[in-house]
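Chain by chain, the residues run as shown.
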Amino acid sequence: MSFSDLGLAEGIVRAVTEQGYTQPTPIQTQAIPAVLNGGDLLAGAQTGTGKTAGFTLPMLHRLSTSGKQHANNTSARAIRALVLTPTRELAAQVEESVRIYGKYLKLNSAVIFGGVGINPQIKLLQHGVDILVATPGRLLDHMQQGTVNLDNIEILVLDEADRMLDMGFIRDIRKVLAALPPKRQNLLFSATFSDEIKALADGLLDSPATIEVARRNSTVEVIEQKIHPVDRDRKHPLLAHLIKSNDWSQVLVFTRTKHGANRLVEQLGKDGISGMAIHGNKSQTARTKALSEFKEGKLQVLVATDIAARGIDIDQLPHVVNYDLPNVPEDYVHRIGRTGRAGATGEAVSLVCVDEHVMLRDIEKLIKRKLPSEVVPGFEPDPNAKPQPIQLRSQGHGGGRRPQQGNARPGGKPGGGQTGRGMPGKPPAGTAAGGRSAAQHRSGGRGR
Ligand code: AMP
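Worth saying up front: this structure is predicted, and the values here are computed from it rather than measured.

What counts and how
Residues numbered from 1 in each chain as written. Predicted model: local features only at pLDDT ≥ 70, side-chain atom pairs only at ≥ 80, totals over all residues. Heavy atoms only, no water. Buried < 20%, exposed > 50% of the residue type's maximum accessible area, 1.4 Å probe, protein only. Helix = DSSP H or I, 4+ residues; strand = E, 2+ residues; numbered from the N terminus. Pairing = 2+ DSSP bridges. Right-handed = clockwise from strand over helix to strand, strands pointing away. Salt bridge = Lys/Arg side-chain N within 4 Å of Asp/Glu carboxyl O. pLDDT = per-residue confidence, 0-100. Contact = heavy atoms within 4.5 Å. Phe/Tyr/Trp six-rings, centres within 6.5 Å; stacked < 30°, edge-to-face > 60°. Lys NZ or Arg CZ within 6 Å of the ring centre and 35° of its normal. UniProt positions renumbered as here; feature names shortened; annotations may be inferred. Axes fitted to C-alpha atoms, helices over the stretch in contact; angles between N-to-C directions. Core = buried A, V, L, I, M, F, W, Y, C linked by side-chain atoms within 4.5 Å. Expected span 1.5 Å × (residues − 1). Arc of directions from axis to C-beta. Polar contact = N/O pair within 3.5 Å; in protein donor to acceptor, adjacent residues only side chain to side chain. Parallel < 35°, antiparallel > 145°, perpendicular 65-115°, else oblique. Left-handed = near helix turned anticlockwise from the far one by under 90°.

The side chains of a regular strand alternate, first on one face of the sheet and then on the other. What you see with strand 4 (residues 131-134) is no split at all: Ile 131 and Val 133 on one side and Leu 132 and Ala 134 on the other are buried throughout. Looking at chain direction, strand 3 (residues 109-112) and strand 4 are connected through four bridges and run parallel. Opposite Ile 112, over in strand 4, you have Ala 134 as the bridge partner. Remark: the strand 3/helix 5 (residues 119-127)/strand 4 crossover connection has right-handed handedness.

Our next topic: the pattern of salt bridges. This structure, assessed with the given rule, holds 21 salt bridges. The residue Glu 347 makes a salt bridge to Lys 226 at a minimum N-O spacing of 3.5 Å. Of this pair, Glu 347 sits in strand 13 (residues 346-352) while Lys 226 is found in strand 8 (residues 223-229), placing the two residues 121 residues apart along the sequence. Residues joined in a network through salt bridges with shared partners are Lys 235, Arg 256, Asp 324 and Glu 356.

Turning to the confidence of the model for the chain, a few remarks are in order. Keep in mind that low pLDDT regions are not for reading the predicted coordinates in detail. Looking at the chain, the pLDDT average stands at 82 and 79% of residues meet or exceed 70. The model gives residues 215-219 a pLDDT under 50, and that stretch makes 21 contacts with residues more than four places away or in other chains.

A separate point is the packing of aromatic side chains. Inspection of the entire model under this criterion finds two aromatic pairs. The ring of Tyr 104 carries Arg 14 above its face, with NZ or CZ at 3.9 Å from the centroid. Directly above the aromatic system of Tyr 323 lies the positively charged group of Lys 235, at a separation of 5.9 Å from the ring centroid.

Moving on, we get to the UniProt feature "short sequence motif: Q motif" (unreviewed entry) in the chain. Residues annotated by UniProt as "short sequence motif: Q motif" (unreviewed entry) correspond here to residues 1-29. Spanning residues 1-29, this segment combines 45% helix with 0% strand, and its end C-alpha atoms are found 8 Å apart.

Our next topic: helix 2 (residues 26-36). For helix 2, every residue scored as buried is listed here: Ile 27, Gln 28, Ala 31, Ile 32, Ala 34 and Val 35. Tucked inside the fold, the buried residues of helix 2 contact strand 1 (41-44), helix 3 (51-65), strand 6 (185-190) and strand 7 (209-212). Looking at the residues trailing helix 2, positive phi occurs at Gly 38, about 95°.

The strand order across the open sheet built from six strands is 8-13-12-9-11-10, with neighbouring strands paired in parallel fashion. Of all strands in the sheet, those bounded by a partner on one side alone are strand 8 and strand 10 (275-278). Across the sheet, the axes of successive neighbouring strands diverge by a mean angle of 20°, strand direction being ignored. Here strand 10 pairs with strand 11 (residues 301-304) via four bridges, running parallel. By the bridge assignment, Ile 278 is partnered in strand 11 with Ala 304. Against the sheet, helix 10 (residues 235-246) engages strand 8, strand 9 (251-254), strand 11, strand 12 (319-322) and strand 13, with an angle of about 155° to strand 13.

Now for the nonpolar core. The biggest cluster of nonpolar side chains holds 42 residues, and the ones touching the most others in it are Phe 3, Leu 41, Leu 57 and Met 59. Counting 34 residues, the second-largest nonpolar core is a separate cluster that includes Leu 42, Ala 110, Leu 165 and Leu 204.

What follows concerns the sheet that holds strand 5 (residues 155-158). Sheet architecture is open: seven strands sit in the order 3-4-2-5-6-1-7, paired in parallel fashion. Each of the sheet's edge strands pairs with one partner strand only, and the pair in question is strand 3 and strand 7. Averaged over all pairs of adjacent strands, the angle between strand axes in this sheet comes to 10°, irrespective of strand direction. Where strand 2 (residues 81-84) lies against strand 5, four bridges are found, and the strand directions are parallel. Residue pairing for strand 5: Leu 84 is matched across the bridge by Leu 158.

A separate point is helix 11 (residues 258-270). For helix 11, spanning 13 residues, the distance from its first C-alpha to its last is 19 Å, which sits close to the expected 18 Å at 1.5 Å a residue. Restricting attention to buried positions, one finds in helix 11 the residues Lys 258, Gly 260, Ala 261, Leu 264, Val 265 and Leu 268. Viewed along the axis of helix 11, the buried residues span an arc of 155°, placing them on a single side of the element. Turned more than 90 degrees off the buried face of helix 11, the exposed positions are Glu 266 and Lys 270. For helix 11, the elements touching its buried residues are helix 10, strand 9, strand 10 and strand 11. Positive phi appears at Gly 272, one or two residues downstream of helix 11, with a value of about 80°.

What follows deals with the side chain of Thr 255. Note that Thr 255 resides in the loop between strand 9 and helix 11. For Thr 255, a relative accessible area of 1% puts it in the buried group. Polar side-chain contacts of Thr 255 include one of 3.4 Å to the backbone nitrogen of Ala 261.

Helix 8 (residues 170-178) packs onto helix 6 (residues 136-145) with a crossing angle of 45° between their chain directions and a minimal axis gap of 9 Å. Relative to helix 8, helix 6 is oriented oblique. As for how helix 6 packs across helix 8, the hand of that crossing is left-handed. Contact residues: helix 6 offers Pro 136, Gly 137, Leu 139, Leu 140 and Met 143, while helix 8 offers Asp 172, Ile 173, Lys 175 and Val 176.

This part is about the packing of helix 2 against helix 3. Two elements in contact, helix 2 and helix 3, have axes whose closest approach is 8 Å; the angle formed by their N-to-C orientations is 25°. Considering the angle they form, helix 2 stands roughly parallel to helix 3. Considering only the axes of helix 2 and helix 3, their crossing is right-handed. Here helix 2 contributes Ile 27, Gln 28, Ala 31, Ile 32, Val 35 and Leu 36 to the contact with helix 3, which in turn contributes Lys 51, Ala 53, Gly 54, Leu 57, Pro 58, Met 59, His 61 and Arg 62.

Below, the structure is given as structure tokens:
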């Protein structure tokens, strides 16, 4: 099966081939014909499966062949496709994909998200845009100011819908939906299917084709996962030890709080390990800089909170470390999905202290496997350590979503293993902008 077998326009196939993709991924093989058909789609796919091209390619095909293309740039364009994403990083990445795959078409695109000035976005919109990629909060700002017109939307995509709901965007999404013309094609992508997602899909989609690749909530197969039990105050020396003794050159580290991310970067700096943090309190410029230096290999460690890391696409990222376990088990799947992408193998290690045994149990329940546990010599945890309550947010920012009380339980025993997800061909280097959307500030998100 090739991209041209799927019936995509020649210009699109050419652009995809230039990216080095030889074969469509499983989600693409299924989603592309379904979207080309013109019907609604409900797709269960995680990041890393090639889902972005899965909706972008047929969307570009439909828009470019339906005869409404503008022959020149002076005629006013109306927005014909709208893609909503939970984060700025993902919005920027999706729009970059639209540009890459649509480079031989006469369609243009723009991305709008919060945390940056609104005026340049207003100018872009005035100039005329065919495909708009947006985070819900900033799109709503434009709607309220009357600077965006959604009357001509033919295709709506909700990307990572589960994450948008997690981040409290449901009301914003409903307001956007209410402003769209009723006759349109709707595509909903989600990694997980909660009752909330099902309710959203029921109200939004009309007899959708349904596709699901990779088992729901499963962790991807090419990633080796293990935990290192360790005392709470020995996590930092253990991480420094792992980085140095294994000679890790590019490590993405997750912390639970922004404060924790900053502190870890400082501590690693003292060990001679170069790192930067990306989280919601960092400026757009700082986040973009950190991400690009990390991608270029100039920065050894990128420390991120969950929301900041969402949508980061780094080819062949070999190591992900959960410095803290996430308090929402699904985030574990999202975090380790950063490694082992597009068929590459990766390793995800979690540093687990006595306070986190309940979280570990929840994660193992979700992924339906016990994570192998390996004590690193010299970092044996104190068997008599008592769990302490976990602080879910940086200090001074109020409580978290699901308070956890430590509840001692022995760490996981060796077991589990790998499951598989292959992706042919070579992906392009991803890029992403950074930042935190206005909506996240308003919705009071999860404060990470
Ligand atoms: P996504 O799931 O959309 O975030 O895509 C994950 C990664 O796979 C990105 O780096 C894409 O560039 C890459 N990719 C997408 N489609 C293909 C394909 N058909 N062959 C190889 N790599 C791909």
